[in-house]
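Descriptive analysis of the structure
Each chain is listed here by its residues.
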Amino acid sequence: MYAVVKFINEEESYSEIPSAWIAEDKSFCYWPNQKNCGQLMIKNVLPEQNWKKEPINIEGLYDTLEKARRVAQDPDYTSQEEESRIRHKPKRWVDLEGSDEDSCDDFDKPPQLPKKYNKGNKNTRPVTSASVVKDQQQSSIVGCYEIIDGILTNINNNIEVTPAIAKQVVSLPLDGKNVTHQTLDVEDDKIEEEHSTEASAEADDFELLTAQLEKVYKLQVENNHYLKAIMTKLNKIELTSSNKTKSLKTQEAIIENLPFTDTTKWIDFEQNLSGKAKEALTAYIEKIGGRNVKDSIHRCLRAVYSNEMAKHCSWLGQRGNFKIKGTITMGIIKAIIGEHYHTITDADFEAVVSEWFRLASTRLKMKKLRDEI
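A quick note: this is a predicted structure, and the numbers were derived from the prediction, not measured.

**A word on the confidence of the model for the chain**
Considering every residue of the chain, the mean pLDDT works out to 75; 66% of them sit at 70 or more. Counting contacts from residues 79-107, a segment whose pLDDT is below 50, to residues more than four positions away or on other chains yields 34 contacts. Here residues 116-129 is modelled with pLDDT under 50, and outside its nearest four sequence neighbours on either side it reaches 12 contacts, counting other chains as well.

Okay, here's the thing in structure tokens:
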């Protein structure tokens, strides 16, 4: 369906457009931003949101783009066409002197023009042999009539034709030209029916669009919820990874100073051993392990204290040695051994540690002998 509209903001400016370009309230239409709009009209493209809005007056609705285009070029096209076809009919002049009063068959009939079948026009019909014969018969009937003093009269019998007969005769072909009454392009009842159909279709489309938008909105809400949960987990993972990285860096810094070879460094380390440094040392010692209780204690002590430092230390700090008992480092070692070996007592732990520090000098001498050999 196409419409002819008049643009209000422009003087005497008409154009044909698809009816889909007209707004619901019919006060304006959508107009493309591009210069060549012909292809969009032929393809009946739906309007887009970025098109301009032009105020209009609707001049008429038409079935085809060609009809709408002719009317847009000449707004009076329809009325002039009908007037030329209906009111201004050519008169059929008959030679009364040479005619037969009983028959009009002596007149030479003009050749009948073949009718063209237009697929786009439902009011036309294809030309058949039966229709040609019928047209020839009707042409012979028309030859018996003449317009006298503005009245259609049968010249054979001089009988005035009634309105019913005149209507039938006027619709017949005259002088080989078909004069047919064409129905209006759009009748009032057809317009109302089409408007009702369009309104119903638009309502259905609006309901469908609303339902689809609701689904999209629900999916968006769910996606936002899932996205927020994912972001929370990622932040936790990132924080945990960051803490592990910092812990590993702290642990690596501690491991670089182990085992202690100087009591001065060990004392400074003990004084600053707290927080993350303490956690890093605990994590490092927990990974040492051993074959049994005694081996585990010895491995932990070798990881923290060297023989050079151990010979200057003892459990109770007697004979001028540094006291190991009660230090933070020794407390960490004792706690870890107690977690892995529940049967060990404090006395057993003290005995193993005291013996290891007491034999530090002996281990140094044996190492020196091995190096000399």
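Here the narrative resumes, following the displayed structure.
**Quick look at the environment of Ala-335**
By secondary structure assignment, the location of Ala-335 is in helix α11 (residues 328-340). For Ala-335, a relative accessible area of 42% corresponds to the partly exposed category. On a C-alpha basis, the gap between Ala-335 and Glu-286 in space is 9.9 Å, while along the polypeptide they are 49 residues apart.

**Looking at the nonpolar core**
A general trend in soluble globular proteins is that nonpolar side chains are found buried together. Ile-285, Leu-301, Tyr-305, Met-330, Phe-349 and Phe-357 are the most contacted members of the largest nonpolar core, which has 34 residues in total. Among the secondary structure elements, those contributing two or more residues to this core are α7 (263-271), α8 (276-286), α9 (293-304), α10 (307-310), α11 and α12 (346-358). Not counting residues up to four positions away in its chain, the partners in contact with Phe-357 are Leu-301, Tyr-305, Ala-310, Cys-313, Ser-314, Ile-324 and Met-330. Counting residues in each nonpolar core, the second largest holds 21 residues, with Phe-7, Trp-31, Trp-51 and Ile-56 among its members.

**A short note on the packing of α9 against α11**
Viewed as axis vectors pointing N to C, α9 and α11 meet at an angle of 150°, and their least axial separation amounts to 11 Å. It follows from the interaxial angle that α9 and α11 lie roughly antiparallel. Our pair here, α9 against α11, has a crossing hand that is right-handed. Residues Val-293, Ser-296, Ile-297, Cys-300, Leu-301 and Val-304 of α9 pack against Thr-329, Met-330, Ile-333 and Ile-337 of α11.

**Observations concerning the layout of surface pockets**
Its volume calculated, the second largest pocket comes out at about 810 Å³. Lining the second largest pocket are 20 residues, with Ala-20, Ile-22, Glu-24, Glu-198 and Glu-202 sitting closest to its centre. Residue assignment for the lining of the second largest pocket shows that the elements contributing at least two residues are β4 (52-62) and α6 (188-257). It is α6 that contributes the most residues to the lining of the second largest pocket, 9 residues altogether.

**As for the packing of aromatic side chains**
Following the criterion strictly, the structure yields 9 aromatic pairs and no others. On the numbers, 6.2 Å between centres and 90° between planes, the contact of Trp-21 with Trp-31 is edge-to-face. Of this pair, Trp-21 sits in the loop between β2 (14-18) and β3 (28-31) while Trp-31 sits in strand β3; the two residues are 10 residues apart in sequence, bridging distant segments of the chain. Across the pair, exposure class does not vary: Trp-21 and Trp-31 are buried alike. Measuring from ring centre to ring centre gives 5.0 Å for Phe-260 and Phe-269, while their planes differ by 50°; the resulting arrangement is tilted. Residue classification places Phe-269 among the buried positions, given a relative accessible area of 14%.

**Structural notes on the sheet that holds β2**
Strand order in the open sheet formed by 4 strands is β2-β1-β4-β3, and the pairing between neighbours is antiparallel. Of all the strands in the sheet, the pair left with one neighbour each is β2 and β3. This sheet shows a mean twist of 55° between the axes of neighbouring strands, independent of strand direction. Those strands touched by helix α2 (residues 65-73) are β1 (2-7), β2 and β4, and its axis lies near 165° from that of β2.

**A short note on a negative patch on the surface**
Together, Glu-24, Asp-25, Glu-198, Glu-202, Asp-204, Asp-205 and Glu-207 make up a negatively charged patch on the protein surface. Structurally, the position occupied by Glu-24 is in the loop between β2 and β3. A residue is classified by how much of its surface remains accessible, and Glu-24, at 66% relative accessible area, is exposed.

**Let's talk about the packing of α8 against α11**
α11 packs onto α8 with a crossing angle of 45° between their chain directions and a minimal axis gap of 10 Å. Here α8 is positioned oblique relative to α11, judged by the angle of their axes. Between α8 and α11 lies a crossing whose hand is right-handed. Where α8 approaches α11, its residues Lys-278, Leu-281, Thr-282, Ile-285 and Glu-286 are matched on the opposing element by Ile-328, Thr-329, Ile-332, Ile-333, Ile-336 and Glu-339. Looking at side-chain class alone, the contact of α8 with α11 contains 6 nonpolar, 2 polar and 3 charged residues.

**Let's talk about unusual backbone geometry**
At Glu-12, a position not held by glycine, the phi torsion is positive, near 50°. Along the polypeptide, Glu-12 turns up in the loop between β1 and β2. Given the relative accessible area of 56%, Glu-12 is considered exposed. In this structure, Asn-44 is a non-glycine residue whose phi angle is positive, near 55°.

**Notes on α8**
Burial in α8 covers these residues: Ala-277, Ala-280, Leu-281 and Ile-285. Looking straight down α8, one finds that the buried residues subtend no more than 130° of arc, so they occupy a single side. Seen from the open side of α8, the exposed residues pointing more than 90 degrees away from its buried face are Lys-276 and Glu-279.

Reading the values: rules and limits
- Note on numbering: residues in each chain are counted from 1, in written sequence order.
- This being a predicted model, a pLDDT of at least 70 is required before a residue's local features are given, and a value of 80 or more before pairs of side-chain atoms are given or counted; all residues contribute to the totals for chains, interfaces and linings.
- Hydrogens are left out, water is left out, and the side-chain values use all remaining heavy atoms of the structure.
- Confidence of the predictor at the level of single residues is captured by pLDDT, which takes values from 0 to 100.
- Contacts were defined at the residue level, with two residues in contact if any of their heavy atoms lie within 4.5 Å.
- Counting from the N terminus, the helices are the DSSP runs of H or I reaching at least four residues and the strands are the DSSP runs of E reaching at least two.
- Throughout, exposure labels follow a simple rule: accessible area from a 1.4 Å probe, protein chains only, divided by the maximum for the residue type, with under 20% read as buried, over 50% as exposed, and the rest as partly exposed.
- Put simply, buried Ala, Val, Leu, Ile, Met, Phe, Trp, Tyr and Cys residues joined by side-chain atoms within 4.5 Å make one nonpolar core.
- Comment: axis = line fitted to C-alpha atoms, over the contacting stretch for helices; angle = value between 0 and 180 degrees taken between N-to-C directions.
- Here the angle decides the label: under 35 degrees means roughly parallel, over 145 means roughly antiparallel, 65 to 115 means roughly perpendicular, and every other value means oblique.
- By convention the crossing between two helices is left-handed if the near helix lies anticlockwise of the far one by an angle smaller than a right angle, and right-handed if it lies clockwise.
- Cavities and pockets are found on a 1 Å grid laid over the protein atoms alone: a cavity is a set of points where a 1.4 Å probe fits but cannot escape, a pocket is an open set with protein on both sides within 12 Å along at least five of seven lines, and a lining residue has an atom within 4 Å of such a point.
- Grid points are joined across faces, edges and corners, and a volume is the space filled by probe spheres set on the points.
- Note on aromatic pairs: the rings of Phe, Tyr and Trp (six-membered ring only in Trp) are paired at centre separations within 6.5 Å, and the planes decide the class, stacked below 30 degrees, edge-to-face beyond 60, tilted for the rest.
- DSSP bridges decide pairing: two strands pair if at least two such bridges lie between them.
- Each patch is built from salt-bridge-free residues with over 30% relative accessible area, joining like charges within 9 Å and nonpolar side chains (Val, Leu, Ile, Met, Phe, Trp, Tyr) within 5 Å.
- Areas reported as accessible are Shrake-Rupley estimates using a 1.4 Å probe. Residue values count occlusion only from the protein chains shown.
- Salt bridges are defined by distance alone: a side-chain nitrogen of Lys or Arg within 4 Å of a carboxyl oxygen of Asp or Glu.
- In this tally, Asp and Glu contribute negative charge and Lys and Arg positive charge; neither His nor the terminal groups of the chain are included.
- Charged groups are reduced to one reference atom each: NZ for lysine, CZ for arginine, CG for aspartic acid, CD for glutamic acid.
- All amino acids are sorted into three groups, where Ala, Val, Leu, Ile, Met, Phe, Trp, Tyr, Cys and Pro are nonpolar, Asp, Glu, Lys and Arg are charged, and the leftover types, Gly among them, are polar.
- Think of it as the arc spanned by the lines of direction from the helix axis to the C-beta atoms.

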